[in-house]
Amino acid sequence: MEFNHSEKVRALQERVSAFMDAHIYPNEARFAAEVEANRKAGNAWQPTRVIEELKAEARKAGLWNLFLPESERGAGLSNLEYAPLCEIMGRSHIAPEAFNCSAPDTGNMEVLERYGTPQQKMQWLEPLLRGDIRSVLIFMGKTDADNPDRYRQQSMILVPMDTPGVQVLRHLPVFGYDDAPHGHAEITFTDVRVPAANMLLGEGRGFEIAQGRLGPGRIHHCMRLIGLAERALESMCQRAVTRTAFGRPVADQGVTRERIANARILIDQARLLVFNAADKMDRQGNKAARKDIAMIKVVAPNMACQVIDWAMQVHGGGGVSDDFGLAYAYANARTLRFADGPDEVHRDQIARLELERYRPKRELPTR
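Predicted model, so just to flag it, every value in this text is computed and none were measured.

Caption draft 1: How the structure looks around the pattern of salt bridges. Here the structure, examined in full by the defined rule, presents 27 salt bridges. Glu-234 is the salt-bridge partner of Arg-91, the closest N and O atoms lying 2.8 Å from each other. Separated by 143 residues along the polypeptide, Arg-91 in the loop between helix 4 (79-89) and helix 5 (95-98) and Glu-234 in helix 8 (residues 206-242) bring together distant segments of the chain. In this structure, Glu-97 and Arg-134 form a salt bridge, with 3.3 Å as the shortest nitrogen-oxygen distance. Taken as a pair, Glu-97 in helix 5 and Arg-134 in the loop between helix 7 (118-130) and strand 1 (137-142) lie far apart in primary sequence, 37 residues in all. Overall, Glu-97 belongs to the buried group, its relative accessible area being 12%. Linked through salt bridges whose partners overlap, the residues forming this network are Glu-87, Glu-230, Arg-264, Asp-268 and Arg-271.

Put into structure tokens, the structure is as follows:
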């Protein structure tokens, strides 16, 4: 199996990389300063001017909605074709949104594209695709708890944030970072009522939607982590050749070289594993690739955590400060060992699918 990117994808890689150099990296500090200014003014959770400007630039450059697979609304890329572009975007925490390719919007747009009614698409998908809004809530809950089929007990329904009864109680910092203007929150739903027309696909089909949504989303998460790890490795190498300890460059010390070599191996292994999962999804569908998807969700976050940890060690005390961005990168990578399912759940699924090969096959009844 070969993963040679097409001429179309290689051209997009060059264009996205050039946009990152020209617009994304130079504006990371400006983004942080604007969020901090908004925080001091009393509200850090509001759109930033810098991101809105970057979104306009990305749309003008034709680098918009690249994620939407095999759709006339996006770039028409398969999961495998989009994967290397997602890696490039993952190098900066502000890049995905600038290209309108950030979570959770990508997954929610895919849900609406695949399962939404014409009215739902007009009301929510079109503004999301234009970048005019961020996601509305997609609420998943039990609507038929007594259904003997446990996979038909849940439903998904669209709930606008301004619906009466929806209350954001508090923002939840992760490793001390509130991730404004995004982040996580504790939300309560008290007697919330929305029209039945807000139901996605139909009652009892929430689990089906979730499985369709999570496959591509896990590819995106993993490839962004690989981009994050690549940037951490670059930072580690640059620091190793410029920092001196015990009278010689850190790069000349065996333990540092071993870690750099192992980081290179781990990143490349993870990338090939994700490409394999994306390729299988494209050719055989999400269900056939479920073991491969579970594998990358275990491998990619653990790989990124390890590579970033080694990079912090080479930076010394500065590595755990905010001066080099490694501490924030680590917080994001460690969080993704929970997002879309914890490692333990994925490992359990991998083991069960592996064991299925060894269980006795039940004979079909003869007529």
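Caption draft 2: Local environment of the nonpolar core. Val-16, Tyr-82, Met-89, Phe-99 and Ile-308 are the most contacted members of the largest nonpolar core, which has 85 residues in total. Here the element with the most residues in this core is helix 8; it accounts for 13 residues. The residues contacting Val-16, other than those within four sequence positions of it, are Leu-63, Leu-66, Leu-85, Ile-88, Met-89 and Phe-99.

Caption draft 3: How the structure looks around helix 10 (residues 290-315). When the terminal C-alpha atoms of helix 10 are compared, their 38 Å separation across 26 residues agrees well with the 38 Å that a helix rising 1.5 Å per residue should span. At the exit of helix 10 stands Gly-316, carrying a positive phi of roughly 70°.

Caption draft 4: Expanded view of the layout of surface pockets. Of the voids in this model, the second largest pocket is the one considered here, and its volume is about 770 Å³. As for the second largest pocket, its lining consists of 21 residues, of which Tyr-151, Phe-207, Gln-211, Arg-290 and Gln-349 are closest to the centre. Elements with a contribution of two residues or more to the lining of the second largest pocket: helix 6 (105-115), helix 8, helix 10 and helix 12 (343-355). Here the element with the most residues in the lining of the second largest pocket is helix 8; it accounts for eight residues. Tallied by class, residues from the lining of the second largest pocket come to eight nonpolar, six polar and seven charged.

Cut-off values and rules
- Residues numbered from 1 in each chain as written.
- Predicted model: local features only at pLDDT ≥ 70, side-chain atom pairs only at ≥ 80, totals over all residues.
- Heavy atoms only, no water.
- Salt bridge = Lys/Arg side-chain N within 4 Å of Asp/Glu carboxyl O.
- Helix = DSSP H or I, 4+ residues; strand = E, 2+ residues; numbered from the N terminus.
- Buried < 20%, exposed > 50% of the residue type's maximum accessible area, 1.4 Å probe, protein only.
- Core = buried A, V, L, I, M, F, W, Y, C linked by side-chain atoms within 4.5 Å.
- Contact = heavy atoms within 4.5 Å.
- Expected span 1.5 Å × (residues − 1).
- 1 Å grid on protein atoms, 1.4 Å probe; cavity = no way out; pocket = protein on both sides within 12 Å on 5 of 7 lines; lining within 4 Å.
- Points joined across faces, edges and corners; volume = space filled by probe spheres on them.
- Nonpolar A, V, L, I, M, F, W, Y, C, P; charged D, E, K, R; others polar.

Keep in mind these values describe shape, not function.
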